[in-house]
Amino acid sequence: EVFGEEQLVSMYISKFQVAGNGAHGLLFQKLWAILLSSFVPPCEVSPVINNYALSRSKEIFSGIFSYILRNVNADGSNLLSYDVGYDGEEEDIIDTGADRYELLLQETSKKDAMATLCFKDFLSSKLCNLPNVL
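Thresholds, definitions, all that
- Residues numbered from 1 in each chain as written.
- Predicted model: local features only at pLDDT ≥ 70, side-chain atom pairs only at ≥ 80, totals over all residues.
- Heavy atoms only, no water.
- Axes fitted to C-alpha atoms, helices over the stretch in contact; angles between N-to-C directions.
- Helix = DSSP H or I, 4+ residues; strand = E, 2+ residues; numbered from the N terminus.
- Left-handed = near helix turned anticlockwise from the far one by under 90°.
- Contact = heavy atoms within 4.5 Å.
- Nonpolar A, V, L, I, M, F, W, Y, C, P; charged D, E, K, R; others polar.
- Phe/Tyr/Trp six-rings, centres within 6.5 Å; stacked < 30°, edge-to-face > 60°.
- Buried < 20%, exposed > 50% of the residue type's maximum accessible area, 1.4 Å probe, protein only.

Peer 1: Can you help me understand the packing of helix 1 (residues 5-19) against helix 4 (residues 57-71) in this one?
Peer 2: Helix-helix packing is characterised by the crossing angle of the two axes and by the distance between the axes. Contact pair helix 1 / helix 4: the axes reach a minimum separation of 12 Å and the direction vectors enclose 35°. When the axes of helix 1 and helix 4 are compared, the crossing they make is left-handed. Counting all contacts with helix 1, which are made through Ile 13, Phe 16 and Gln 17, the residues of helix 4 involved are Glu 59, Ile 60, Ile 64, Tyr 67 and Ile 68. Split by residue class, the contact of helix 1 with helix 4 holds six nonpolar, one polar and one charged.

Right, dumping it as structure tokens:
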């Protein structure tokens, strides 16, 4: 079987569903939802992808997009950023700079597009021209 447009959209949907596990699941689900929205017209991808995404629109809109809109705070405050831990041997070194490390994590989180992008506004701007395309 050839991997084509239908399989690509299906893969993104399944990635969204699997991404919900773990502490960072909501962040990863938001990422996959944004990637899925790139298939919704108007966009510059293949019309075949557009058509397949539209054929799965009930699942995408009522399932995935509505889930993100219900569960992600507009300011991204409930999205856990991905941070790197350290082991016991590094603990003495890290303790001296723990405050700097926490400050660095906070500053980085403020710059993270996944955490700061308001999905509702993003989706609204994406879909405002949909009726003109259809």
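Peer 1: In this structure, what is going on with the packing of aromatic side chains? I would like to understand it.
Peer 2: Each aromatic ring pair is specified by the distance between its two centres and by the angle formed by the two planes. Applying the stated criterion to the full structure yields six aromatic pairs. Plain terms: the ring middles of Tyr 12 and Trp 32 are 5.2 Å apart, the flat faces sit at 70° to each other, and that makes the pair edge-to-face. Of this pair, Tyr 12 sits in helix 1 while Trp 32 is found in helix 2 (residues 25-37), placing the two residues 20 residues apart along the sequence. Tyr 12 gets classed as buried once you look at its relative accessible area, which sits at 15%. With a centroid separation of 5.1 Å and 90° between ring planes, the pair formed by Phe 61 and Phe 65 is classed as edge-to-face.

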